[in-house]
Amino acid sequence: AADSCASPYRRRVGSLRAMGAEAPSSVAPAAGRKASAVQAEMVEAAAMWCAMHGLVVGDRGNPRSGTVPGVGLVHAPFSLLPTRFPASFWKQACELAPIFNELVDRVSLDGKFLQGSLSRTKQVDDFTARLLEIHAKMMAVNKKEDIRLGLHRSDYMLDSETNSLLQIELNTISTSFPGLGSLVSELHRTLLNQYGEVLGLDSERIPRNWAAIQFAEALGKAWVEYNNGSAVVMMIVQAEERNMYDQYWLINHLKESHGVMTIRKTLAQVEAEGLVLPDGTLVVDGRPVAVVYFRAGYAPTDYPSEVEWSARLLIEQSSAIKCPSISYHLVGTKKIQQELAKPSVLERFLDNEEDIAKLRKCFAGLWSLDNEEIVKSAIEKPDLFVLKPQREGGGNNLYGHDLRETLIRLKNEQGEALAAYILMQRIFPRASLTQLVQGGVCFEELSISELGIFGSYLRNKDKVVINNQCGYLMRTKVSSSNEGGVAAGFAVLDSILLT
Ligand code: ADP
Ligand code: MG
Ligand code: MG
């Protein structure tokens, strides 16, 4: 994913202006001690904790930090304190996870629905077209995935206008931060245990977060289902990855708790070193592969040449378990999200009416751009909408002025260009003052948060082995920034304090 180097943090915290009752989850003045002193001590303790517990990322400033493990580490950006979050919405978000897991699985089996829904997008979006091409090839040979593994993350914001939990998107490929996200919850727990009395906050109100352990468990159980003791898990990675420690946490748990070895390969390496045996076994660098876990392959930049596409096809043709399969990947596109939100579509895939009602309740307004009324409204009031292309990884959406200009231009072109996008109702979370720590420095900003709930799903034919909510990722960003990616430099890692 493209990375912006521009820091969103403009103001270094020099005063205690915002401390006290007005500011949720901020460092409150302590009896007998200056709040500034307590805060400085907490920042230092927190940064130290990160270093000692692997809550780290590669430092942008060090050119080798994305390729050489152990070189150029810096603590991951984090919020100093957990963000308050109502327990009722937390419960609602957790309950949705297994339902979304099942929905993804059901939709993935309907190849015609996927091809049909994305057929217009395909004409104007080359990347989606390439994914659909692989998918069509698999349909043509009637390829079945008996063992299906999903490691998803459904992201939500609390809309202040309607006081409701609304889904931003569902990620089915390369969902990041199961590793570091779990650690941030532990960091906050540790800080509250030490400073909780001073702050008046109870560490027990931070939900436990086992995302890394549970993702590794799902990968490990998938490996067991594949049933080849000499096979490995293959993680597909980008050649340069500053978020490698988030990945290494999973690799570590897989080895320590499940005795499963992981190899990390780029798509280009898979092309060079991989083959599929006549019985379907994927062999890479001489080793049979049980599970292919994608932490790359979600963006056009991950396919700089035909070599990478050919690797993706090779993987898909094999009998290895793909996380995600091409079908699961397509179910996670923004276009499918929008199609599923149309009336009567969920009913095609799910039977349980209560489940359907729960899903619908969290759907924001979503529209395809062949709806002229909505396009007109969006041009008139661009601030009420977000314009989204079929992309992942942050930094791709259009807002406000850009949204309006783009819609006007695409409309005038009169081709199919509009079909590359969807329109979404803009969600407005309430902003609060937050202390964000980046590079050992604490900044205080008006911020908004996005809660991601991880879900794991493993199925072998009719046997559902796992269908769980497993941990969470809170991301907090300065409210003036539209996009939310941590890797892209827009947001910090956070956890929640239930209220
Ligand atoms: P990506 O797959 O690139 O992460 P998202 O749909 O998650 O795409 O959008 C990126 C970011 O844009 C989100 O993390 C969120 O901060 C912001 N965003 C997306 N949709 C909305 C929306 N409907 N209202 C407000 N902000 C949004
Ligand atoms: Mg996404
Ligand atoms: Mg997102």
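Computed from a prediction, not measured in an experiment: that's the story for all the values here.

Engineer: Lay out unusual backbone geometry in plain terms, naming residues and giving numbers.
Structural biologist: Note that the residue after Cys323, namely Pro324, is joined by a cis bond; omega there is 5 degrees. Along the polypeptide, Pro324 turns up in the loop between β12 (321-323) and α11 (326-331). A positive phi angle, close to 55 degrees, is found at Ser174, a residue other than glycine. If you trace the backbone, Ser174 turns up in the loop between β6 (164-171) and α6 (178-199). One non-glycine residue, Ser344, lies in the positive phi region at around 70 degrees. Secondary-structure assignment places Ser344 in the loop between α12 (334-340) and α13 (346-349).

Engineer: Pulling in residues and values, what's your account of the packing of aromatic side chains?
Structural biologist: Evaluation of the coordinates by the stated rule reveals nine aromatic pairs. Aromatic side chains Phe127 and Trp309 sit 5.8 Å apart centroid to centroid with 50 degrees between the ring planes, which places their arrangement in the tilted category. Separated by 182 residues along the polypeptide, Phe127 in helix α5 (residues 126-140) and Trp309 in helix α10 (residues 306-317) bring together distant segments of the chain. Consider the rings of Phe215 and Phe454, whose centres lie 5.2 Å apart with planes at 75 degrees: the pair is edge-to-face. You can see Phe215 sitting in helix α7 (residues 211-226) and its partner Phe454 sitting in strand β17 (residues 441-460), a full 239 residues away along the chain. Relative accessible area serves as the criterion here: at 0%, Phe215 is assigned to the buried category. For Phe454, a relative accessible area of 0% corresponds to the buried category.

Engineer: A description of the coordination of the magnesium ion (ligand 2) should follow, citing residues and the corresponding values.
Structural biologist: At 1.9 to 2.3 Å from the magnesium ion (ligand 2) lie its protein donor atoms, namely Glu169 (OE), Glu169 (OE), Asn171 (OD1) and Glu392 (OE). Metal-to-metal, the separation of the magnesium ion (ligand 2) and the magnesium ion (ligand 3) is 3.6 Å; Glu169 coordinates the two. Neither Glu169 nor Asn171 differs from the other in exposure class; each is buried.

Engineer: I'd like to hear about the nonpolar core, residue by residue, with values.
Structural biologist: With 125 residues, the main nonpolar core has Leu55, Leu149 and Met234 as its most contacted residues. When residues of this core are assigned to their parent elements, the largest contribution, 11 residues, is made by helix α2 (residues 87-108). The next biggest cluster of nonpolar side chains, apart from the first, holds 16 residues, and it includes Ile379, Leu398, Leu410 and Ala420.

Engineer: Could you give an account of the site of ligand 1, naming the residues involved and the relevant values?
Structural biologist: Neighbouring ligand 1 are 21 residues, the closest being Lys334, Lys388, Glu392, Gly394 and Glu450. Here an oxygen atom of ligand 1 and a side-chain polar atom of Lys388 are 2.7 Å apart. Interatomic distance of 2.5 Å between a side-chain N/O atom of Glu450 and an oxygen atom of ligand 1. For ligand 1, whose free accessible area comes to 540 Å², the fraction covered by protein is 96%. Counting residues per element, the ones that place at least two in the shell around ligand 1 are β6, β14 (385-389) and β15 (421-425). Along the lines of polarity and charge, the residues of the shell around ligand 1 split into six nonpolar, six polar and nine charged.

Engineer: Could you give me a rundown of the UniProt feature "binding site: Mg(2+)" (unreviewed entry) in the protein, with the residues and numbers involved?
Structural biologist: Taking the UniProt record as the reference, the feature "binding site: Mg(2+)" (unreviewed entry) is found at Glu169, Asn171 and Glu392. The largest pairwise C-alpha distance within this set of annotated residues, which runs over 224 residues, is 10.1 Å, so the set is compact in three dimensions. Here, the largest cavity is lined by Asn171 and Glu392 out of the annotated residues. Position of Asn171 relative to the elements: it lies in strand β6. Under the relative-accessibility criterion, Asn171 is labelled buried at 6%. Setting aside its immediate chain neighbours within four residues, Asn171 contacts Leu151, His152, Arg153, Asp155 and Glu392. Its relative accessible area of 15% is what places Glu392 among the buried residues.

Engineer: Please give an account of empty space enclosed by the protein that cites residues and values.
Structural biologist: The tally for this structure, following the rule as stated, stands at five cavities of 30 Å³ or more. In terms of lining, the largest cavity is formed by 14 residues, of which the most central are His329, Gly332, Thr333, Gln390 and Glu392. In terms of residue count, the dominant contributor to the lining of the largest cavity is α5 (three residues). Partitioning the lining of the largest cavity into residue classes produces four nonpolar, seven polar and three charged. Empty space within the second largest cavity amounts to approximately 90 Å³.

Engineer: Tell me about the pattern of salt bridges, residues and numbers included.
Structural biologist: Enumeration over the complete set of coordinates arrives at 33 salt bridges. Residue Arg459 is joined to Asp105 by a salt bridge in which the shortest nitrogen-to-oxygen separation is 3.7 Å. One end of the pair, Arg459, is in strand β17; the other, Asp105, is in helix α2, and 354 residues separate them in sequence. When sorted by exposure, Arg459 lands in the same class as Asp105, which is buried. In this structure, the salt-bridge partner of Glu306 is Arg130, at a minimum N-O distance of 2.9 Å. Of this pair, Glu306 sits in helix α10 while Arg130 is found in helix α5, placing the two residues 176 residues apart along the sequence. Relative accessible area serves as the criterion here: at 23%, Arg130 is assigned to the partly exposed category. Within the structure, one salt-bridge network assembled from shared partners comprises Arg130, Glu133, Lys137 and Glu306.

Conventions we followed
- Residues numbered from 1 in each chain as written.
- Chains lettered and ligands numbered in written order.
- Predicted model: local features only at pLDDT ≥ 70, side-chain atom pairs only at ≥ 80, totals over all residues.
- Heavy atoms only, no water.
- Helix = DSSP H or I, 4+ residues; strand = E, 2+ residues; numbered from the N terminus.
- Phe/Tyr/Trp six-rings, centres within 6.5 Å; stacked < 30°, edge-to-face > 60°.
- Buried < 20%, exposed > 50% of the residue type's maximum accessible area, 1.4 Å probe, protein only.
- Donors = N, O, S within 2.8 Å, 3.2 Å for Na, K, Ca; no water.
- Core = buried A, V, L, I, M, F, W, Y, C linked by side-chain atoms within 4.5 Å.
- Near = heavy atom within 4 Å.
- Polar contact = N/O pair within 3.5 Å; in protein donor to acceptor, adjacent residues only side chain to side chain.
- Areas by Shrake-Rupley, 256 points an atom, 1.4 Å probe, with all protein chains shown as cover.
- Nonpolar A, V, L, I, M, F, W, Y, C, P; charged D, E, K, R; others polar.
- UniProt positions renumbered as here; feature names shortened; annotations may be inferred.
- 1 Å grid on protein atoms, 1.4 Å probe; cavity = no way out; pocket = protein on both sides within 12 Å on 5 of 7 lines; lining within 4 Å.
- Contact = heavy atoms within 4.5 Å.
- Points joined across faces, edges and corners; volume = space filled by probe spheres on them.
- Salt bridge = Lys/Arg side-chain N within 4 Å of Asp/Glu carboxyl O.

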